[in-house]
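Each chain, written out:
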Amino acid sequence: TTLVAALKAANLVGALQGAGPFTVFAPTDAAFAKLPAGTVEALLKDPVALGAILKYHVLSGKVMAGDVVKGNGAKPATLNGAALDITVKSGKVYVNGAQVVIADVAASNGVIHVIDAVVLPPAK
């Protein structure tokens, strides 16, 4: 629910409902709760910064879990423009250190992989 509220605040719902395909690394509500106190509230008031962070969770194209595992060490570019660091350790997939906890959730225009942390783009 936090991710949906953030997408609405950043005016990205329409974009992600487009034709795609997209691969979304979706943080859980618990992942958002791990952020320092007040972070989510502050970001909801700053749509530009929030949009940059949310776009950092999205790849153009449909990348299934098997593709992610084969691409161990890959650094795909996100819709934000910055690259993610994807690694596989002991059979588990990590995106910038966030673990994929649910993979290959089908969407009408791509796929969703649920992660256990919010990943932040590198400072410019």
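Residues numbered from 1 in each chain as written. Predicted model: local features only at pLDDT ≥ 70, side-chain atom pairs only at ≥ 80, totals over all residues. Heavy atoms only, no water.

**Quick notes on the side chain of H57**
Assignment of secondary structure puts H57 in the loop between α5 (47-55) and β2 (58-60). Taking relative accessible area as the criterion, H57 reaches 4% and is therefore assigned buried. Within polar-contact distance, the side chain of H57 engages the backbone nitrogen of V119 at 3.1 Å. Contacts of H57, omitting those with residues within four sequence positions, involve T23, V24, F25, P27, I115, V118 and V119. (Helix = DSSP H or I, 4+ residues; strand = E, 2+ residues; numbered from the N terminus. Buried < 20%, exposed > 50% of the residue type's maximum accessible area, 1.4 Å probe, protein only. Polar contact = N/O pair within 3.5 Å; in protein donor to acceptor, adjacent residues only side chain to side chain. Contact = heavy atoms within 4.5 Å.)

**Quick look at the sheet that holds strand β4 (residues 92-95)**
Spatially, β2-β1-β6-β5-β4-β3 is the arrangement adopted by the six strands of the open sheet, whose pairing is mixed. Since the sheet does not close on itself, it has two edges, and those belong to β2 and β3 (86-89), each with one partner. Here the average twist between neighbouring strands, direction ignored, is 35°. Here β4 pairs with strand β5 (residues 98-107) via two bridges, running antiparallel. Within β5, the position partnered with Y94 by the bridge is Q99. (Pairing = 2+ DSSP bridges. Axes fitted to C-alpha atoms, helices over the stretch in contact; angles between N-to-C directions.)

**Digging into the packing of helix α1 (residues 2-9) against α5**
In the contact formed by α1 and α5, the axes pass within 9 Å of each other and the chain directions differ by 125°. Here α5 runs oblique to α1, going by the angle between their axes. Between α1 and α5 lies a crossing whose hand is left-handed. Where α1 abuts α5, its residues L3, A6, L7 and A9 lie against P47, L50 and L54. Its residues assigned to classes, the contact of α1 with α5 shows seven nonpolar, no polar and no charged. (Parallel < 35°, antiparallel > 145°, perpendicular 65-115°, else oblique. Left-handed = near helix turned anticlockwise from the far one by under 90°. Nonpolar A, V, L, I, M, F, W, Y, C, P; charged D, E, K, R; others polar.)

**Topic: the pairing of strand β6 (residues 110-115)**
Working note: regular strand, side chains alternate between the two faces of the sheet. Taking burial as the measure, the six residues of β6 include five buried ones, the bulk of the element. Two elements, strand β1 (residues 22-27) and β6, share six bridges in a ladder whose sense is parallel. Bridging from a neighbouring strand, F22 pairs with G110 of β6. The loop that links β5 with its antiparallel partner β6 comprises two residues.

Nothing here speaks to function; it is all geometry.
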